[in-house]
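Analysis of the macromolecular model
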Amino acid sequence: MKETLKFQAESKELLNLMINSIYSNKEIFLRELISNASDAIDKYRYKALTSKGDIALRDGEIFIEPNEKKHILVIKDNGIGMSHDELINNLGTIAKSGSKDFMSKVKEAKEKKDINIIGQFGVGFYSAFMVADKVEVLTKTIDDKAYLFTSDGQDSFSIEESEREDVGTTITLYLKKDNDEENYSKYTSTWEIKDLVKKYSDYVRYPIKMKEKETRNVKDEEGKDIEGKTEEVEVVNTLNSMVPLWKKNKKEVDEKALNDFYKSKFNDYEDPLFSMFIKVDGMISYSALLFIPSHAPYNLYSDNYEKGLQLYAKNIFIKDKCPELIPDYLKFVRGLVDSDDFSLNVSREILQSSPILNKIATNIEKKIVDELKKCKENDKEKYKKFFDIYGEHIKYGIYSTYGAKGDILKDLLVYHTLKHEDEYVSLKDYVANMTKEQKSIYYAAGENIDAIKMLPQLEKYKSGEEDVLLLDKRIDEFALMMLHEYDKKEFKSISNDNSDELSKEDKEKIDNLVSEHKRFIDNVKESLKDKVDDVIFSSKLVDSPVCISTKEGLSLNMEKTLDNEPGHEEAPKAIKVLEINPEHELFKALLSVEQDDEATKKYASLLYDEALLLEGYNIEDKHDFVKKLNEVMVKSLTK
C-alpha cells in the first residue's frame, strides 16, 4: 500500500534552504551520494562481522548507471539498506527531528560556516535535488521488506512496498531539464562522471563501478586481431583508486612513487625538489603528502595566486586549496592532508575553525622547516637550488611576522659573502668564522652582487679579515631588521655611520679635522641641506673620495625599495650622511678653494652626485651635474 506523507513545515523550509543555499557547487551531489553509499556498506560489514556468521560477509561495491536517453542517473550500493521507519526518519524528516533548532543552526551556518552535523544521513541525500526534480530510493534491509521512497523535494514524499532482490539501496535521479544557466545532461556523460569520481571520491574504500562501451579488435579462432574488423563491447570499469597513497605504510612508498603521484596529481612535468610523506598518530591523527616543486609555479607572484593544500576527510575530497593549512611564506608548497578528525560544516564543504586544524597546520609547518634544515646540512647543492628559487619566501616569513618566525627560520638563511662570493654561507658559519675583535655581523646591500662590490664602504673589508654578507634582494635588509641579531651578534650595515664605533685615537683625529676645516664642512652642509642630514670626515673610505652612509634605521636601499612600492608616496626617508675621505687627493685639492664659500658649495653638489653614482643610484639632476662638471673641466684645461 502506498503512503503519501507531507514534509513537516520546518523540514520543507529547511529543504529549500539546503537545496538553494547550503551547497555552493552543484556537482558535489555525486560525492554526497557516493559517501552515503560507502557509509551504508561500512554499516553492513560491521553488522556481518558482529553477527557470528548469521549474516554473510560480502565485498562492498557501488554502481553508477547513467542513462543519457532517459535523462536518468542511478547510484546503487550493496550496503545496509533502510527499513520503512528509517526512510521516514532519515529521508522524510530532515536531520531526524526537523526541529526549529536545527533549522536555525543551518541558517546560522550560512553566516558563520561553523555547524558540525554531517553525520546525519538525510543532509547529504538532499543535495540530489539540486540536479534532479524527482528522486526514487529503492531499498531493502537484512530484516525487512523492500520499499520505494519517492519525492520531488517539494511538499510531500511517498513510501510503498516494492521488490528488490538483495540488501542495499538504489537511488534514481530524474535529472532536471537543461536551461541557459545549467547543463544537467552532463551528469549522464560517462566522461563527466569519471571526472567527478576522480576528483571527489577517488579514495572511497569500495570500488565505484560503471558500465562503458569500448571498441575492440575482433579476433580470429587463434586469438589474433582480424585486420580492419572491430566490435563494440560493454565492459565494467572501476573508476576510483580506492587505496590512497598516503594510507599505505610509509615503508611501501618510495620516492619514485611519491614523485609519480605528484606529477600526476598536480600536472607537473618535473619531479618535485622535495617529497614528504607524513603520518601522525596520537591525540590528533592525520596523513599528508607534501611537495616543493623544482620550479616556481608560473603565477606564484601574481595577485590571484591561491595558496593551500588539498583537503580530504576520511579519504573524501573536500576542498582543492585549504589556505589555513599552510603559512603564507610556504605558499609554494603543494600537497594534501587527510584526517578523520577534521570537523566539517553541514555541506561538507568548509572546515570549521578549530584547534585541531591549527595544530595540524603548525605541525606541518614544523616538519617542512625541519626537512629544509636537514637538507641544508646534508645536501648543499640541493638546498642551494631550493634557496635560489624560494629563498625570498623564507625571508618574507621573518619580515611579515615582525620577527615572530625568526627563531624557526633564521637557520634557513644563507648568503653570498665578500670572501665566499660563489657559494652560500649560513649565519651559523659566518658567526663561527668571525674575528675575535668583531662584535657585529656586517652586511652590504644593493641591486645585485656586482653593484654591491662597487660600494666605496666595502673597500677596507676587501683587504681585511672581516667578512661581509652581500644582500642582493630587496627583502634582505627588512628581514635582518626584524631578526635584529643572531647568536647575540647584531646585524650591522657597512653603509651605516660608524662614528660611535671609532677608537679614541680615530675620534680625536676626526675632531681635529673638523675643527681645522670647519668652514669647509659648514659650506658643504649648507649647500646640501635639502639632500643630506649631515656631512662628516670618513674613517672607513680607502680609495674613494666620498660615500653616502645612513644613521641607524632605514638604509638607502630600503628607502629605494619603499619608494618603488605602490601606495608609498609618503614613505619614510633614510637619514643621509655625506662622508668625505680626508686622505683622498680630491679633498686635498679642494682645500685650495676652502676660503671661497661659493666655489665650495658648487663642488659640494658634485661631491654628492659622485657619491650617488658610487652607491649605484641615479643622479637627480643630470643637466645640472653635467653643467658643473663642464665648468670644472673648462677651468682646469684653460689654466
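Up top you'll find the structure we're talking about.
Note that this is a predicted model, so its numbers are computed, not measured.

On to the environment of Ile318, then. Turning to its location among the elements, Ile318 is positioned in strand 13 (residues 316-322). According to the relative accessible area criterion, Ile318 is buried, its value standing at 6%. Along the sequence, Ile318 and Ile28 sit 290 residues apart, while their C-alpha atoms lie 9.4 Å from each other.

The contact between helix 14 (residues 476-483) and helix 17 (residues 556-564) brings their axes to 9 Å, and the two run at 115°. Of the two possible hands of crossing, helix 14 and helix 17 adopt the one that is left-handed. Residues Glu477, Phe478 and Met481 of helix 14 pack against Asn557, Met558, Thr561 and Leu562 of helix 17.

Read from one edge of the open sheet, nine strands run 1-6-5-4-7-3-2-8-9, paired in mixed fashion. Both edges of this open sheet fall to strand 1 (3-6) and strand 9 (225-238), since each of them pairs with a single strand only. Each strand of the sheet is rotated relative to its neighbour by a mean of 20°, with strand direction disregarded. Pairing analysis gives six bridges linking strand 5 (residues 146-151) to strand 6 (residues 156-162), with the strands arranged antiparallel. Opposite Phe149, over in strand 6, you have Ile159 as the bridge partner. Strand contacts of helix 2 (residues 29-49): strand 2 (62-67), strand 3 (72-77), strand 7 (168-175) and strand 8 (208-219), with the helix running at about 20° to strand 3, the strand carrying the most contacts. Against the sheet, helix 6 (residues 190-200) engages strand 2, strand 3 and strand 8, with an angle of about 130° to strand 8.

Taken as a whole, this structure holds two cavities of 30 Å³ or more when the rule is applied. The computed volume of the largest cavity comes to approximately 200 Å³. In this structure, the largest cavity is lined by 18 residues; those nearest its centre are Ala445, Gly446, Asn557, Glu615 and Tyr617. Those elements giving two or more residues to the lining of the largest cavity turn out to be helix 12 (449-453), strand 22 (546-550) and helix 17. At three residues, the largest contribution of residues to the lining of the largest cavity is made by helix 17. Residue composition of the lining of the largest cavity, grouped by class: seven nonpolar, seven polar and four charged. Counted as a void, the second largest cavity has a volume near 40 Å³. Together, Pro545, Val546, Ile580, Asn581, His584, Leu586, Phe587, Leu590 and Leu607 line the second largest cavity. Here the lining of the second largest cavity is composed, by residue class, of seven nonpolar, two polar and no charged.

Read from one edge of the open sheet, three strands run 21-23-22, paired in mixed fashion. The open sheet terminates on both sides in strands that have one partner only, identified here as strand 21 (534-537) and strand 22. Each strand of the sheet is rotated relative to its neighbour by a mean of 30°, with strand direction disregarded. Both strand 22 and strand 23 (residues 576-580) contribute to a ladder of five bridges, which runs antiparallel. If you follow Ile548 over to strand 23, its bridge partner there is Leu578.

Thresholds, definitions, all that
Residues numbered from 1 in each chain as written. Predicted model: local features only at pLDDT ≥ 70, side-chain atom pairs only at ≥ 80, totals over all residues. Heavy atoms only, no water. Helix = DSSP H or I, 4+ residues; strand = E, 2+ residues; numbered from the N terminus. Buried < 20%, exposed > 50% of the residue type's maximum accessible area, 1.4 Å probe, protein only. Axes fitted to C-alpha atoms, helices over the stretch in contact; angles between N-to-C directions. Left-handed = near helix turned anticlockwise from the far one by under 90°. Contact = heavy atoms within 4.5 Å. Pairing = 2+ DSSP bridges. 1 Å grid on protein atoms, 1.4 Å probe; cavity = no way out; pocket = protein on both sides within 12 Å on 5 of 7 lines; lining within 4 Å. Points joined across faces, edges and corners; volume = space filled by probe spheres on them. Nonpolar A, V, L, I, M, F, W, Y, C, P; charged D, E, K, R; others polar.

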